[in-house]
Amino acid sequence: MTEHDIYIKRAIELACMGMGAVSPNPMVGAVLVCDGLIVGEGYHQKYGEAHAEVNAIRSVFTNYPNAEDLLKKSVLYVTLEPCAHVGKTPPCADLIIQHQIPKVVVGCRDPSTHVDGKGIEKLKNAGVVVIQDILRSECWELNKRFFTRVQKQRPYIILKWAQTADGFFAPTNGSQKWISSAYAKQLVHQWRSEEDAILVGKRTALIDNPKLNVRAWKGRNPTRMVIDRNLELPTHLYLFDQSEETIIFNSITTKIDEKIKYIQLEDFDTLLPQLIAYQLYLMDIQSIIIEGGAQILKLFIHANLWDEARVFISPDRWGEGMKAPTLQNRANETFQVGEDRLEIVYND
């Protein structure tokens, strides 16, 4: 591992600390190194607040009385190309130039239209030495949600379900029957805290009456979403308790009732996954977990509108029940979670 790799790796670790708090912005980490020593670190902590580069530079001023001199001799390592435009905060490229930081090492380029090389170009024009594509694939993986939204105009879509060892998803009689372990439940709540939204269908809402929030983990709650074509769900369900932002996709009306927003979709029969994905893009939803039911999961699989599937496989065998969705792709990663096997599949 080279010196550049080591510091970009540290910047990635810092960037991950912003997970669940910066969307629809990317997660970014920054490290300032002077004469082989880290003198400043920072990451993008919250949407609308200071970027990673700003926080790293501030940390130098906090800890060193000779900060200005140190910055003029430092190398800035940053996971993503510094911005060059005025958004909710001033351009980071301008701040780098202002403090005369002589070299910047960038993990990967920002493909969004308002950046896309402009930050790197501005730094080079000011005489800053720029080195690019250090641990590029790792930096790209870090912000796959952000890049998916920018390049595909839809959120990063995660499918999640649990099934028995013999491939059953739920009982056929409409009863609720838990499949995965308590360890799996805790992990699912961690996942919820990391994504922007969570979606279920009407049947799942009726049978399970889920809260779709984060209880077994510390973190923010995702925006709750449910598909209810004819607005038939009873309002005593947890989804209507006004505790969290909730979206009801339907074919009847568009209206707002405090924290509940009803969004009318025109074509439920042929383009439902595509319409939902585009609506989420318009709403700045960068990632979503689809937790069921089986028919909703199958719709997104059939439309090939998914990026990742997370499937818990219990050792239990039912012998009968509703068949779980199936994927043509083989598992890319496999883990043991309590008694369950977790298979992660990427839609390449």
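First things first, this report covers the structure right here in the doc. Just so it is clear, the structure is predicted and the values come from calculations on it, not from any experiment.

Some details on the overall build of the protein chain
(1) Moving on: If you tally the helices and strands in the protein chain, you get 11 helices and 17 strands.
(2) Moving on: Since a compact globule built from 348 residues should have a radius of gyration of about 20 Å, the 23 Å found for the protein chain is in line with a globular shape.
(3) Moving on: With respect to the three principal axes, the spread of C-alpha positions in the protein chain is 70 × 45 × 30 Å.
(4) Moving on: Relative to its 348 residues, the protein chain shows a buried fraction of 53%.
(5) Moving on: Look at the contacts in the protein chain between residues 6 or more apart in sequence, and 68% of them connect residues 24 or more apart.
(6) Moving on: Only carbon and sulfur atoms are counted for the fraction: they give 47% of the accessible area of the protein chain, which is about 16600 Å².
(7) Moving on: Each charge class in the protein chain can be summarised by its mean position, and for the 39 positive and 43 negative side chains these summaries are 2 Å apart.

Section: the pairing of strand β16 (residues 333–337)
(1) Moving on: Bridge analysis of β16 against strand β17 (residues 340–346) gives 5 bridges, and the strand direction is antiparallel. Considered in β17, the bridge of Thr334 is made with Glu343.
(2) Moving on: Counted along the chain from β16 to the antiparallel partner β17, the turn is 2 residues long, and its residue Gly338 has a positive phi close to 60 degrees.

Things to note about helix α8 (residues 182–194)
(1) Moving on: An ideal rise of 1.5 Å per residue puts 18 Å on 13 residues; α8 measures up with 19 Å between its terminal C-alpha atoms.
(2) Moving on: For α8, the secondary structure elements touched by its buried residues are β6 (156–163), β8 (197–201), β13 (287–292), β14 (308–313), β16 and β17.

Digging into the sheet that holds strand β1 (residues 29–34)
(1) Moving on: Strand order in the open sheet formed by 5 strands is β2-β1-β3-β4-β5, and the pairing between neighbours is mixed. The open sheet has two edge strands with one neighbour each: β2 (37–43) and β5 (129–131). Direction aside, the axes of adjacent strands within the sheet are offset by 20 degrees on average.

Quick word on the pairing of strand β4 (residues 103–108)
(1) Moving on: Counted residue by residue, β4 has 5 buried out of 6 residues, so it is predominantly covered.
(2) Moving on: Sheet topology places strand β3 (residues 75–80) next to β4; 5 bridges connect them, and they run parallel. Among the inter-strand pairings, Tyr77 is bridged to a residue of β4, identified as Val105.
(3) Moving on: Here β4 runs beside β5; their pairing, made up of 3 bridges, is parallel. Looking across to β5, one finds that Val105 is bridged to Ile131.
(4) Moving on: Once you follow β4 into helix α5 (residues 118–125) and on to β5, the crossover reads as right-handed.

Some points on the sheet that holds β16
(1) Moving on: Overall, mixed pairing links the 10 strands, which are arranged β11-β12-β10-β9-β8-β13-β6-β14-β17-β16 in an open sheet. For this open sheet the edge positions go to β11 (255–257) and β16, each flanked by a neighbour on one side alone. Across the sheet, the axes of successive neighbouring strands diverge by a mean angle of 20 degrees, strand direction being ignored.
(2) Moving on: Judged from the 6 bridges that link them, β6 and β14 form a sheet pairing that is parallel. Bridged to Gln163 within β14 is Ile313.

Focus on the nonpolar core
Inside soluble globular proteins, nonpolar side chains tend to come together where they are buried.
(1) Moving on: Membership of the largest hydrophobic core comes to 48 residues, with the highest contact counts inside it found for Ile8, Leu32, Tyr77 and Val104.
(2) Moving on: Every residue in contact with Leu32, bar those within four places of it in the chain, is listed here: Leu37, Ile38, Val39, Gly40, Ala56, Ile57, Val60, Leu71, Ser74, Val75, Leu76 and Ile101.

Some thoughts on the environment of Leu237
(1) Moving on: Take Leu237: it is sitting in the loop between β9 (223–227) and β10 (246–250).
(2) Moving on: Spatially, the C-alpha atom of Leu237 lies 26 Å from that of Tyr183, the residues being 54 residues apart in sequence.
(3) Moving on: Sequence-distant contacts of Leu237, defined by excluding residues within four places in its chain, comprise Ala205 and Asn209.

Section: the packing of aromatic side chains
Given two aromatic rings, their pairing is described by the distance between the two centres and the angle made by the two planes.
(1) Moving on: What the rule picks out here adds up to 5 aromatic pairs.
(2) Moving on: Their ring planes at 25 degrees and their centres at 5.6 Å tell us that Trp191 and Phe312 sit as a pair that is stacked. With Trp191 in helix α8 and Phe312 in strand β14, the pair connects residues that are 121 residues apart, well separated along the chain. This pair shows no difference in class: Trp191 is buried, exactly as Phe312 is.
(3) Moving on: Judged by centre distance (5.9 Å) and plane angle (25 degrees), the ring pair of Tyr278 and Tyr281 falls under stacked. Of this pair, Tyr278 and Tyr281 both sit in helix α10 (residues 272–282), 3 residues apart, which is roughly one turn of that helix.

Definitions and cut-offs
Residues numbered from 1 in each chain as written. Predicted model: local features only at pLDDT ≥ 70, side-chain atom pairs only at ≥ 80, totals over all residues. Heavy atoms only, no water. Helix = DSSP H or I, 4+ residues; strand = E, 2+ residues; numbered from the N terminus. Rg over C-alpha atoms; globule rule 2.2 N^0.38 Å. Buried < 20%, exposed > 50% of the residue type's maximum accessible area, 1.4 Å probe, protein only. Contact = heavy atoms within 4.5 Å. Areas by Shrake-Rupley, 256 points an atom, 1.4 Å probe, with all protein chains shown as cover. Lys, Arg positive; Asp, Glu negative; His and termini not counted. Charge placed at Lys NZ, Arg CZ, Asp CG, Glu CD. Pairing = 2+ DSSP bridges. Expected span 1.5 Å × (residues − 1). Axes fitted to C-alpha atoms, helices over the stretch in contact; angles between N-to-C directions. Right-handed = clockwise from strand over helix to strand, strands pointing away. Core = buried A, V, L, I, M, F, W, Y, C linked by side-chain atoms within 4.5 Å. Phe/Tyr/Trp six-rings, centres within 6.5 Å; stacked < 30°, edge-to-face > 60°.

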